[in-house]
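Report on the structure
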Amino acid sequence: MKKILVINGPNLNLLGLREPAIYGNRDFNALIEFIKESARSLGLQVECFQSNHEGAIVDKIQQAYGVFDGIVINPAAYTHTSVAILDALKAVAIPTVEVHISDVSEREEFRRHSFVSLYAAKTIMGKGFDGYREALSFFL
Ligand code: CA2
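A brief look at the structure comes next. (Residues numbered from 1 in each chain as written. Predicted model: local features only at pLDDT ≥ 70, side-chain atom pairs only at ≥ 80, totals over all residues. Heavy atoms only, no water.)

**Overview of the packing of aromatic side chains**
Within the structure shown, the criterion is met by two aromatic pairs. A ring pair is formed by F34 and F129, whose centres lie 6.0 Å apart and whose planes are at 50°; its orientation type is tilted. On the criterion of sequence distance, the pair formed by F34 in helix 2 (residues 28–42) and F129 in the loop between strand 5 (122–125) and helix 5 (130–137) is long-range, its members being 95 residues apart. No difference in accessibility class separates F34 from F129, as the two residues are buried. The side chain of K3 reaches across the aromatic face of F68, ending 5.3 Å from its centre. (Phe/Tyr/Trp six-rings, centres within 6.5 Å; stacked < 30°, edge-to-face > 60°. Helix = DSSP H or I, 4+ residues; strand = E, 2+ residues; numbered from the N terminus. Buried < 20%, exposed > 50% of the residue type's maximum accessible area, 1.4 Å probe, protein only. Lys NZ or Arg CZ within 6 Å of the ring centre and 35° of its normal.)

Here you go:
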């Protein structure tokens, strides 16, 4: 069974608290349950990791080397700023799918650029929680 690491970046742990028009009204626990149920039904083994810290995300990506077959990542705000996360993904060379709950192409200008997109095999945006299921299915 393939092992997939799902990484969620800063503030996603506060999902459901505000901005329901952009991110929906379900909370982070509901997202994790959704991801676990999606993985179960797709026949994938999944581990979920969330951090508000760039370095912790870099550490987790480095530790994934030789352990995970794929990475699904929503780097949140680090999407638009982090060369460190891009470099970590390139270094471990694990196939990666980038996910965004909202459609970042339709929001502020600063959200249109993604460093992670320079490595990710695929980017899924604007599909809410369903985007994570689609990202997992990439690894079938
Ligand atoms: O659409 C996405 O999934 C994002 O990665 C979410 C990030 C944002 O910085 C990216 O541009 C797009 C923000 C995640 C958390 O935002 C919250 C805002 C208010 C209340 C709770 C969470």
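**Comments concerning the site of the ligand**
Taken together, 16 residues lie near the ligand, and N74, H80, I101, S102 and R111 sit nearest. Within the side chain of N74, a nitrogen or oxygen atom sits 2.8 Å from an oxygen atom of the ligand. Between S102 and the ligand, the recorded distance is 2.6 Å, taken from a side-chain N or O atom to an oxygen atom. Protein chains bury 91% of the 510 Å² of accessible surface belonging to the ligand in isolation. Mapping the ligand onto the cavity grids shows that it belongs to the largest pocket. Broken down by class, the residue content of the shell around the ligand amounts to eight nonpolar, five polar and three charged. (Near = heavy atom within 4 Å. Polar contact = N/O pair within 3.5 Å; in protein donor to acceptor, adjacent residues only side chain to side chain. Areas by Shrake-Rupley, 256 points an atom, 1.4 Å probe, with all protein chains shown as cover. 1 Å grid on protein atoms, 1.4 Å probe; cavity = no way out; pocket = protein on both sides within 12 Å on 5 of 7 lines; lining within 4 Å. Sits in = over half its atoms within 2 Å of the grid points. Nonpolar A, V, L, I, M, F, W, Y, C, P; charged D, E, K, R; others polar.)

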